[in-house]
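# Summary of the model geometry
Listed below are the residues making up each chain.
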Amino acid sequence: MTEGFLLVLSAPSGCGKTTLLKRVMADLPGLVFSVSHTTREPRAGEKDGRDYHFVQADEFLEISDQQPSGFLEWARVHGNLYGTSRQDVEQRLARGFDVVLDIDVQGAELIRNNADPVSVFIAPPSLSELARRLRGRGTETEESLRVRLAGAEKEMQEAGKYTYLIVNDDLDEAVESLKAIIIAERCRRRRGKDGLPAAGTD
Ligand code: ADP
Ligand code: 5GP
């Protein structure tokens, strides 16, 4: 069986990454979402184990201290800790799934330095539209909104380091772009070493 690949997605908060990803995952089989651990409080409607593993800081630090680290990468984002479970990801890649990591620009940099991911940066059409979407979602306090919008411009400066860029203006178009990237990468990577069809495909 061919190993799956890591699909790293980053975007300023409120850009529409979760919405986009849900649509793509409903359409494309063979993709699994890596559920991160976080110390942030759950938002209304979020479910433990589905959206995140919500943990206290001491539990998070215990996992990060395991040798080798229980996290493939972890980072402090907007004042909270977020990390990707190493074991979950490695097991699913070995089973042939393409694993989606919804992680920030610091985590993406760490993954790029240690693995060979396909990375996609999702940008908003403008910062004012980003603010409108984030407010419209109605999940953030004024302070949390301020922190997220302040981070957005800095995060955008990292976009050039990603394999692909999608501007999430029209949602349907963004969905088609992300699906096209995944399908093309599957064609590019799922070949034998000689470039011919991998063994076992007859
Ligand atoms: P993220 O996961 O990047 O923080 P969300 O997926 O929660 O962002 O989206 C933030 C808000 O923007 C949601 O209310 C969502 O419905 C809306 N949204 C997402 N994509 C678009 C789009 N292309 N056009 C308009 N609104 C959008
Ligand atoms: P939110 O709190 O809005 O769900 O996520 C805030 C930011 O944390 C987003 O940029 C999201 O991609 C990022 N994030 C979520 N999980 C992880 C993770 O496991 N590692 C890292 N580095 N960032 C994460």
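Because the structure is a prediction, the values reported are computed rather than measured.

## A word on the site of ligand 2
What surrounds ligand 2 is a group of 19 residues, the closest being S36, R40, Y52, Y82 and D102. Contact between ligand 2 and R40: an oxygen atom at 2.6 Å from a side-chain N or O atom of the residue. A distance of 2.8 Å is found between an oxygen atom of ligand 2 and a side-chain nitrogen or oxygen belonging to R43. For the shell around ligand 2, the residue count by class is 6 nonpolar, 6 polar and 7 charged.

## So, the packing of helix α1 (residues 17–27) against helix α7 (residues 171–189)
Taken N-terminus to C-terminus, the directions of α1 and α7 make an angle of 55 degrees; their axes are 9 Å apart at the nearest point. Taken together, the axes of α1 and α7 are oblique relative to one another. The interaxial crossing formed by α1 with α7 has right-handed handedness. Here T19, L20, R23, V24 and D27 of α1 lie close against α7, whose contacting residues are L171, D172, A174, V175, L178, K179 and I182. Class assignment for the residues of the contact of α1 with α7 results in 7 nonpolar, 1 polar and 4 charged.

## Topic: the pairing of strand β8 (residues 118–123)
The element β8 is extensively covered by neighbouring structure, given that 6 of its 6 residues are classed as buried. Alternating residues of β8 divide into V118, V120 and I122 and S119, F121 and A123, and every residue in both groups is buried. Strand direction decides the pairing type here: β8 and strand β9 (residues 164–167), joined by 4 bridges, are parallel. From the neighbouring strand, I122 faces β9, where its bridge partner is I166.

## Points about the site of ligand 1
Around ligand 1, the neighbouring residues are S13, G14, C15, G16, K17, T18, T19, R133, R137, N168, D169 and L171. Between L171 and ligand 1, the recorded distance is 3.5 Å, taken from a backbone N or O atom to a nitrogen atom. Considering ligand 1 on its own, with 570 Å² of exposed area, one finds that the protein chains cover 75% of that surface. Among the elements of the structure, α1 and α5 (127–137) are those that each provide at least two residues to the shell around ligand 1. Of the residues assigned to the shell around ligand 1, the class counts are 2 nonpolar, 6 polar and 4 charged.

## Quick notes on helix α6 (residues 142–156)
In this model α6 runs 22 Å from its N-terminal to its C-terminal C-alpha over 15 residues, within 8% of the 21 Å that 1.5 Å per residue would give. Those residues of α6 lying buried are S144, L145, R148, G151, A152 and E155. Down the axis, α6 shows its buried residues gathered within 140 degrees of arc, on one side only. Among the exposed residues of α6, those oriented more than 90 degrees off its buried face are E142, A150, E153 and K154. The inward-facing, buried residues of α6 contact β6 (80–85), α4 (105–114), β8 and α5.

Each value, and the rule that gives it
- Residues numbered from 1 in each chain as written.
- Chains lettered and ligands numbered in written order.
- Predicted model: local features only at pLDDT ≥ 70, side-chain atom pairs only at ≥ 80, totals over all residues.
- Heavy atoms only, no water.
- Near = heavy atom within 4 Å.
- Polar contact = N/O pair within 3.5 Å; in protein donor to acceptor, adjacent residues only side chain to side chain.
- Nonpolar A, V, L, I, M, F, W, Y, C, P; charged D, E, K, R; others polar.
- Axes fitted to C-alpha atoms, helices over the stretch in contact; angles between N-to-C directions.
- Helix = DSSP H or I, 4+ residues; strand = E, 2+ residues; numbered from the N terminus.
- Parallel < 35°, antiparallel > 145°, perpendicular 65-115°, else oblique.
- Left-handed = near helix turned anticlockwise from the far one by under 90°.
- Contact = heavy atoms within 4.5 Å.
- Buried < 20%, exposed > 50% of the residue type's maximum accessible area, 1.4 Å probe, protein only.
- Pairing = 2+ DSSP bridges.
- Areas by Shrake-Rupley, 256 points an atom, 1.4 Å probe, with all protein chains shown as cover.
- Expected span 1.5 Å × (residues − 1).
- Arc of directions from axis to C-beta.

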